[in-house]
Amino acid sequence: REPALRTFAPQHLRVGAAVDVKALNTHEAYRKVLAREFSAVTAESAMKWGQLEPRRGQYDWASSDRLVEFAVANGQSVYGHTLVWHTDLPAWLPRDGSREELRELLREHITTVVSRYRGKVWAWDVVNEVLADDGSMRDTVWLRELGPDYVADAFRWAHAADPQAVLFINDYGAEGRGAKADALYRLVGRLRAAGVPVHGVGFQAHLRADTMPPGMEQNLGRFAKAGLRLAVTELDVRVRLPVTEKKLEQQAGVYRRVLQMCLDQPACVSFTVWGFTDAFSWIPGYHRGYGAACLYDSGFAAKPAYTALRTLLTQR
Ligand code: G3I
């Protein structure tokens, strides 16, 4: 086996990548790099409710099962993303149904998905992006119809379906100090004080090459001190186009600093990049004027960011 990121990572740290299952099924080079470099995978979209149950009561497990099979065949862990979100919901979901009907649908969805992958998925993003940028509860169909207790319910239902799974709350924009990070810290504290099985916090870390979140190390540290596992769940570092060598070096520095923080925190158990090749990155379509956010370029050649991570891991 060629030396790769997964070879040099410490035992307790899963080094993962989000996977576009279409790319997995169509590109040999994609499969090769994914299997060689990463000890964990996350479904970029395949385990979202809208992808899993496009028609009520008719689950389509083809893509998610394919990813789990690939992971098992390559000795990789599977990180489940995501049980409760306000995006990529099935079109058939009643947005104004009765509270009890919607709550029962959510319970059934969580129970169905977590049960199917019990023992195969080591961790779940039980809820994703439940906070607004100002730290208030995000105004979603779940909050409106079920009230704030939907978060605790989701964690309890997931835990009942797989008591072994490590359960995370996942969000963006809470990596560094600020209102959202403070709100997330308080929310997790309240949930755990109420006995809700929240085991970890996922920091998406969709970052830019020219800046770092302020006070990220201290922020991560307080969550670790509170007894939570930490996960960097969706790291990518977008570059303002056009790409230059200097910008790629800047990007490498951001990747390296985030991995260093994860290595410095024993509570950090997962470091996942959101896609590993520029060929399939979500960034250009969602952040106009930015791109080149991944470790490998669109021709699957390693970029300075990959080398920076590999060097950091080999020098430990
Ligand atoms: O699978 C369908 C396909 O059948 C259809 O032909 C095609 C055109 O409509 O759409 C395909 O689904 C797309 C899906 O990606 C799979 O490629 C959805 O339209 C598209 O909205 C979806 O985008 C994903 C987005 O989440 C919304 O689910 C991005 O790839 C993915 O990178 C992004 O990831 C999110 C995390 O889940 C949460 N954190 C933020 C992050 C970036 O937005």
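Conventions adopted
Residues numbered from 1 in each chain as written. Predicted model: local features only at pLDDT ≥ 70, side-chain atom pairs only at ≥ 80, totals over all residues. Heavy atoms only, no water. Helix = DSSP H or I, 4+ residues; strand = E, 2+ residues; numbered from the N terminus. Rg over C-alpha atoms; globule rule 2.2 N^0.38 Å. Contact = heavy atoms within 4.5 Å. Areas by Shrake-Rupley, 256 points an atom, 1.4 Å probe, with all protein chains shown as cover. Lys, Arg positive; Asp, Glu negative; His and termini not counted. Charge placed at Lys NZ, Arg CZ, Asp CG, Glu CD. Salt bridge = Lys/Arg side-chain N within 4 Å of Asp/Glu carboxyl O. Buried < 20%, exposed > 50% of the residue type's maximum accessible area, 1.4 Å probe, protein only. Near = heavy atom within 4 Å. Polar contact = N/O pair within 3.5 Å; in protein donor to acceptor, adjacent residues only side chain to side chain. Nonpolar A, V, L, I, M, F, W, Y, C, P; charged D, E, K, R; others polar.

Caption draft 1: Quick peek at the overall build of the protein chain. In terms of helices and strands, the protein chain carries 13 helices and ten strands. Relative to the compact-globule value of 20 Å for 316 residues, the protein chain shows a C-alpha radius of gyration of 19 Å, a close match. Restricting to contacts in the protein chain with at least 6 residues of sequence separation, those with at least 24 account for 77%. Accessible surface, the protein chain as shown: approximately 13100 Å² in total, 49% of it carbon and sulfur. Where the 40 positive side-chain charges of the protein chain centre and where its 36 negative ones centre are 4 Å apart.

Caption draft 2: Local environment of the pattern of salt bridges. As enumerated under the stated definition, the model contains 13 salt bridges in all. For Arg31, the salt bridge identified is with Glu28, shortest N-O distance 2.9 Å. One end of the pair, Arg31, and the other, Glu28, are both in helix α3 (residues 28-37), three residues apart, so they sit about a helical turn from each other. The closest approach of N and O atoms between Glu104 and Arg107, which form a salt bridge, is 2.7 Å. With Glu104 and Arg107 both in helix α6 (residues 99-116) and three residues apart, this pair spans about one turn of that helix. With relative accessibility at 29%, the residue Arg107 sits in the partly exposed group. Via salt bridges that share partners, Asp133, Asp171 and Lys180 belong to a single interconnected network.

Caption draft 3: Inspection of the site of the ligand at higher detail. Of all residues adjacent to the ligand, which total 16 residues, the nearest are Glu44, Lys48, His81, Asp88 and Glu234. Between the ligand and the protein, one listed contact pairs an oxygen atom with a side-chain N or O atom of His81 at 2.7 Å. Taking Trp274, its side chain carries an N or O atom lying 3.0 Å from an oxygen atom of the ligand. Class assignment for the residues of the shell around the ligand results in four nonpolar, six polar and six charged.

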